[in-house]
Amino acid sequence: MFTSRQFCFIGSIILLLSCQKSCSALFFDDEISEPGWTFLEKFAFSEEANSTVAIHVDFLGSISNANLTHSPTLLLYDDDQNLQGGWPTVYKSDKSCLEKSKEAKYRLPLEKVGPTMELIRTTPSGRAVYWYIVFAFCDNVAFKADIQLEFLNNVDEDWRAHLSFDEDSNTEVSGLFFFLYAVFIIACGSFLGKLFSRGVLNAIHCLLFATMVVQCLAVGLQFIHFVDMTRDGIGSMQHFEAGSILLAVSQVGFLSCIQLLARGWTVTTNKLSRKRFTICYSLGLTGCYVGVVAAEQFRDKSATNYMFDTVQGLLVILLLFYLLIHFWILTYRAWVY
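Source: prediction; values computed, not measured. (Residues numbered from 1 in each chain as written. Predicted model: local features only at pLDDT ≥ 70, side-chain atom pairs only at ≥ 80, totals over all residues. Heavy atoms only, no water.)

### So, the sheet that holds strand E7 (residues 129–137)
Taken in spatial order, the four strands line up as E2-E7-E4-E5 in an open sheet, and their pairing is antiparallel. The sheet terminates laterally at strand E2 (36–45) and strand E5 (106–109), the two strands that pair on one side only. Pairwise comparison of adjacent strand axes, ignoring direction, gives a mean angle of 20° for this sheet. In the sheet, strand E4 (residues 73–78) pairs with E7 via six bridges, with the strands oriented antiparallel. Bridged to Asp78 within E7 is Trp131. (Pairing = 2+ DSSP bridges. Helix = DSSP H or I, 4+ residues; strand = E, 2+ residues; numbered from the N terminus. Axes fitted to C-alpha atoms, helices over the stretch in contact; angles between N-to-C directions.)

### Some words on a nonpolar patch on the surface
On the surface, a cluster of nonpolar side chains totalling about 740 Å² of accessible area is made up of Leu314, Ile317, Phe321, Leu324, Ile325, Phe327, Trp328 and Ile329. With respect to the helices and strands, Leu324 occurs in helix H8 (residues 311–336). (Patch = residues over 30% accessible without salt bridge, like charges linked within 9 Å, V, L, I, M, F, W, Y side chains within 5 Å. Areas by Shrake-Rupley, 256 points an atom, 1.4 Å probe, with all protein chains shown as cover. Salt bridge = Lys/Arg side-chain N within 4 Å of Asp/Glu carboxyl O.)

### Regarding the state of the cysteines
Taken as a whole and judged by the stated rule, the model has one disulfide. Between the sulfur atoms of Cys97 and its disulfide partner Cys138 the distance amounts to 2.0 Å. Since a negative S-S torsion denotes a left-handed disulfide, the Cys97-Cys138 link at about -75° is left-handed. Note that Cys97 is positioned in helix H3 (residues 97–102) and Cys138 in the loop between E7 and strand E8 (145–152), a separation of 41 residues in sequence. (Disulfide = S-S within 2.5 Å.)

### Focus: the environment of Trp159
With respect to the helices and strands, Trp159 occurs in the loop between E8 and helix H4 (170–197). Considering only alpha carbons, one finds Trp159 and Thr230, 71 residues apart in sequence, at a separation of 5.4 Å.

### Topic: the sheet that holds strand E3 (residues 52–59)
Read from one edge to the other, the open sheet built from four strands follows the order E1-E8-E3-E6, with strand pairing classed as antiparallel. Of all the strands in the sheet, the pair left with one neighbour each is strand E1 (27–32) and strand E6 (116–121). The sheet shows a mean angle of 15° between the axes of neighbouring strands, taken without regard to direction. Here eight bridges tie E3 to E8, and the two strands are oriented antiparallel to one another. Of the residues in E8, the one forming a bridge with Thr52 is Leu152.

### A short note on the packing of aromatic side chains
Within this structure, the stated rule accounts for 17 aromatic pairs. Taking 6.4 Å as the distance between ring centres and 50° as the angle between the ring planes, the aromatic pair formed by Phe39 and Tyr132 counts as tilted. One end of the pair, Phe39, is in strand E2; the other, Tyr132, is in strand E7, and 93 residues separate them in sequence. Residue classification places Tyr132 among the buried residues on the basis of a relative accessible area of 3%. Among the aromatic residues, ring-to-ring pairing joins Trp37, Phe39, Tyr77, Trp87, Tyr91, Tyr130 and Tyr132 into one connected group. The aromatic ring of Trp37 is capped on one face by Lys100, whose charged end is 4.4 Å from the ring centroid. (Phe/Tyr/Trp six-rings, centres within 6.5 Å; stacked < 30°, edge-to-face > 60°. Buried < 20%, exposed > 50% of the residue type's maximum accessible area, 1.4 Å probe, protein only. Lys NZ or Arg CZ within 6 Å of the ring centre and 35° of its normal.)

### Here we look at the confidence of the model for the protein
The predicted model of the protein averages 77 in pLDDT, with 82% of residues at 70 or higher. Within the protein, the lowest mean pLDDT, 43, falls on helix H1 (residues 4–17), and the highest, 91, falls on H4. Long-range and interchain partners of residues 1–25, a stretch whose pLDDT sits below 50, account for 62 contacts in this model, where long-range means more than four residues apart. (pLDDT = per-residue confidence, 0-100. Contact = heavy atoms within 4.5 Å.)

### Considerations on H4
Taking 1.5 Å of rise per residue, the 28 residues of H4 would be expected to cover 40 Å, and the 40 Å separating its terminal C-alpha atoms lies within 8% of that figure. For H4, the full list of buried residues reads Thr171, Ser174, Gly175, Tyr181, Ile185, Leu192 and Leu195. Check the buried side of H4 and you find it contacts helix H5 (203–232). In the segment just after H4, Gly199 is the residue with positive phi, at about 75°. (Expected span 1.5 Å × (residues − 1).)

Right, dumping it as structure tokens:
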């Protein structure tokens, strides 16, 4: 069985390996000032036709007098891995800016004076497709451009239009879990009241109940973010990040309580022994969950793979297996001694 120092070391390694980029946006608004081939955003469109990308690009200061060899262009790629214009064939390749630009499925030349406004509609695809938007300016010329992109899926319910196809059910799922947690908390609160009236309420009951309350708050905050996203395509990232933090706090607290129960606290003894190990255990779990949150915040914006299809995801699975074995060992020791 690992010592407390070894466990903290494992948590630190997972935290460091988890720092990759991630992003999800349905309305893009940013300023670009670096020439070259720059990835902006991705969006998963449904298989239906007439989903749209509304584009507004305005150069802040005219570049019409500059000696340009190539005009600035907005490029669209899809997720096809075999045909020309597929994202995997160009992203992170050694091809030049011009070579990548030539392989785009759709090219929109941009006005050098005044804004460029365009509405691009999708065609039937037979499946959901990721589209990737890139700004290409292959001349080494100083400039600054304000770029706004709004993505809308062609779906039956208007409130779903701002949602990327891979996030289509987030609102319903988070709302359902918030409702279930709320019902469970009400039932547990009534049960704890009965235990308190009989004088048998234990500290472990209160700790477990507190973790469930924090979990419910976390899911509720993320639900607010997804509801806001259906309205404006942006959401409330403050609510989502606060929910992610509370979610980690809740799960660390819950696993720490389970570890204490497995060691026999409040079951075979009322003495809380090895407090230093318990603290290191919780800190190690905290490092792991911070790593998972960091992975979602800093993972590559263009990545579409599932979290457990990454190195940090596999490490999280291995850690959970270790916690399961660790729980069994502690439970056996508490039963024997």
